[in-house]
Amino acid sequence: EAQVTQNPRYLITVTGKKLTVTCSQNMNHEYMSWYRQDPGLGLRQIYYSMNVEVTDKGDVPEGYKVSRKEKRNFPLILESPSPNQTSLYFCASSPMTSGNTGELFFGEGSRLTVL
Amino acid sequence: GENVEQHPSTLSVQEGDSAVIKCTYSDSASNYFPWYKQELGKRPQLIIDIRSNVGEKKDQRIAVTLNKTAKHFSLHITETQPEDSAVYFCAARNSGAGSYQLTFGKGTKLSVIP
């Protein structure tokens, strides 16, 4: 089954404790991206990647890191989480082949609470 | 960069009535406009999209219209049903620049009252 898988789905942590949210897709998509969703603010892009070893900042990258060592994986790293990073996080992937619409396929989301 | 404004932020309609959600965009080079639906507790999913060479597109009870001159596009849902209750996001992208960056609106929470 074609899917984007995120882990963990739910996490409560404390300020300053490093954490990683994993994202994996099995559709061989070149493009992957992380979004955070907050009430009233919609979906805001954190980082994106157009291929292996190619990553770039989105609109709200502060406090986050990413890596793309393999095509299928795109982990989101919070080196020193703070309460303002409490949010619902979505990973998404998209094919970049010619003729594709570039539809985003989202993971199920990871709800993170930083105390 | 692109800026997408979406209105209204909340919308309540009676079952069977129509619902309209409007978005405006700032980058005249944007040429791809998708709409995503997010049911409560679930992930956003694409429901319909339109490219800038088309003025209108329909899929059963859902239609999207695009006015390039005014830089706005709208989602129309007819004969609304309770299962249409969700948050809807519009988005815009300039595919011609080789970009896959989607800029989303802030969302509209649609409630269909039985």
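For the structure itself, consult the block above.
All figures in this text were calculated on a predicted structure; none of them were measured in a lab. (Residues numbered from 1 in each chain as written. Chains lettered and ligands numbered in written order. Predicted model: local features only at pLDDT ≥ 70, side-chain atom pairs only at ≥ 80, totals over all residues. Heavy atoms only, no water.)

Residues and numbers for the overall build of chain A, please.
On a plain count of helices and strands, chain A comes out with zero helices and eleven strands. Along its sequence from the N terminus, chain A presents helices and strands in the succession β-β-β-β-β-β-β-β-β-β-β. Expected size for 115 residues packed as a compact globule is a radius of gyration near 13 Å; at 14 Å, chain A falls within 12% of this value. Here the C-alpha coordinates of chain A stretch approximately 45 × 30 × 30 Å along the principal axes. Out of the 115 residues belonging to chain A, those deemed buried represent 50%. Put simply, 53% of the contacts in chain A that link residues at least 6 apart link residues at least 24 apart. With an accessible surface of roughly 5500 Å², chain A has 50% of that area assigned to carbon and sulfur atoms. Computing the positive centroid from 12 side-chain charges and the negative centroid from 11, chain A places the two 6 Å apart. (Helix = DSSP H or I, 4+ residues; strand = E, 2+ residues; numbered from the N terminus. Rg over C-alpha atoms; globule rule 2.2 N^0.38 Å. Buried < 20%, exposed > 50% of the residue type's maximum accessible area, 1.4 Å probe, protein only. Contact = heavy atoms within 4.5 Å. Areas by Shrake-Rupley, 256 points an atom, 1.4 Å probe, with all protein chains shown as cover. Lys, Arg positive; Asp, Glu negative; His and termini not counted. Charge placed at Lys NZ, Arg CZ, Asp CG, Glu CD.)

Describe the state of the cysteines, listing the residues and the values that go with them.
According to the stated counting rule, one finds two disulfides over all chains in the structure shown. Here C23 of chain A pairs with C91 of chain A through a disulfide, and the sulfurs are 1.9 Å apart. Its torsion about the S-S bond being -75 degrees, the disulfide of C23 of chain A and C91 of chain A is classed as left-handed. Separated by 68 residues along the polypeptide, C23 of chain A in strand β3 (residues 19–25) and C91 of chain A in strand β9 (residues 87–94) bring together distant segments of the chain. Residue classification places C23 of chain A among the buried positions, given a relative accessible area of 2%. A relative accessible area of 0% places C91 of chain A in the buried class. Disulfide partner of C23 of chain B: C90 of chain B, at an S-S distance of 2.0 Å. Here the S-S torsion is close to -100 degrees, and the disulfide linking C23 of chain B with C90 of chain B is therefore left-handed. With C23 of chain B in strand β3 (residues 19–25) and C90 of chain B in strand β9 (residues 86–92), the pair connects residues that are 67 residues apart, well separated along the chain. On the basis of relative accessibility, which here comes to 0%, the residue C23 of chain B falls in the buried class. (Disulfide = S-S within 2.5 Å.)

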